[in-house]
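Fold and geometry: a report
One letter stands for each residue in the lines below.
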Amino acid sequence: MHKAVRRTGSFLNYRDMIKKSLFLSLALFLSIPSYACKLPQGETITVGCTYRCDFFYRFRLRLAALVTGYPIRFVNMRLFAQLTQAMDSVDAILLPGGADINPDYYLDSVTPELAKYTRENMQLVRHSNEGIYRDGFEHSLIQAYSTDTTFEKLPMLGICRGMQMMSVAHGIPLYLDIKTELGIKNRNNLFDRINLEEGPSLMSELYGNKKFRGFEKHHQGIRMSYYRDHQSDFPLTRVTATSNKGLIAEALEFTHRPALGVQYHPEKSFTRTSFPIFKWFLTKACEYKTTKDKQ
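Presented here is a report on the structure given in the accompanying data block. If you're wondering where the values come from, they're calculated on a predicted model, not measured in any experiment.

**As for the state of the cysteines**
For the structure on display, the rule yields two disulfides. Two residues, Cys37 and Cys286, share a disulfide whose sulfurs are 2.0 Å apart. The disulfide joining Cys37 to Cys286 has a torsion of about -80° about its S-S bond and is therefore left-handed. Of the two residues, Cys37 sits in the loop between α1 (2-31) and β1 (45-49) while Cys286 sits in helix α10 (residues 271-294), which places them 249 residues apart along the sequence. The two residues Cys37 and Cys286 agree in class, both being buried. In this model, Cys49 is linked to Cys53 through a disulfide, with the two sulfur atoms separated by 2.0 Å. Between Cys49 and Cys53 the disulfide shows an S-S torsion of about -110°. By sign, it is left-handed. Each member of the pair, Cys49 as well as Cys53, is classed as buried. Disulfide connectivity for the protein, with bonded cysteines indexed by sequence position, reads 1-4, 2-3.

See below:
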């Protein structure tokens, strides 16, 4: 009897949580700058995942889709025979969080001094089978996305590792371990205050000038001191948000594509943090799909 009551109570709490999330999302939908796009009746937005999009990604994106009125579905981009076929089959690309990236993918792009340091400290990298499985595919995908004008309107969202790979694909190096190299705690299941950089940006358009908190779970990130010292080497990228007194990059934007990477996890953050990004992502997907269908 008691177990049944507890299960019922849990179900009610879960249902209440969904209702609250819908209410907050709707309120935010009305307050965030609008991106007008009407999806033709019967059409569905296809979100391509470069790796497994787990419950949190699907739930928060479906919630945003419900509020914005866009039917969506998810596909695994690894199931296609060719990279260009995978990109041509989706309306938006999502690079989810996950394993560390092998530094070999950026060592040839950095100074000899940093390359030597990195090779001598490879033990700080958490190599894994997931990383091996994802690195080559995602690196090639982002490079193709960034250079092939066929996909210049295709939106891309990178989260945590996804943002890091967006950086690495442009030759930007990473911290091997935040705690070791910066002397602060690795960001493990905590909320950091995100600060927007000065100047116009997609992030400032989404969040205004407000500070907000994002859920963090990572021990690597863009090597900010190197990025600032060599910023002219990365003309197609711009860091537009940081945390921890500017030591950690929290948002990376491509200047030539509708592409946004965030180091924090919007799928596990408060609605006021997650919804602006997911609304932008889905609206851009709608715009891309409707434009592509007319060609």
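**Some thoughts on the pattern of salt bridges**
Applying the stated criterion across every chain, the model contains 11 salt bridges. Across the salt bridge formed by Arg134 and Glu130, the nearest N and O atoms sit 2.8 Å from each other. You can see Arg134 and its partner Glu130 sitting in helix α5 (residues 129-147), four residues apart, about one turn around the helix. In this structure Glu130 comes out as partly exposed when scored by relative accessible area, which is 24%. Among the ionic pairs, Asp192 bridges to Arg187, the shortest N-O distance being 2.8 Å.

Quick notes on the rules
Residues numbered from 1 in each chain as written. Predicted model: local features only at pLDDT ≥ 70, side-chain atom pairs only at ≥ 80, totals over all residues. Heavy atoms only, no water. Disulfide = S-S within 2.5 Å. Helix = DSSP H or I, 4+ residues; strand = E, 2+ residues; numbered from the N terminus. Buried < 20%, exposed > 50% of the residue type's maximum accessible area, 1.4 Å probe, protein only. Salt bridge = Lys/Arg side-chain N within 4 Å of Asp/Glu carboxyl O.

Remember that the coordinates give geometry; whether it matters functionally is a separate question.
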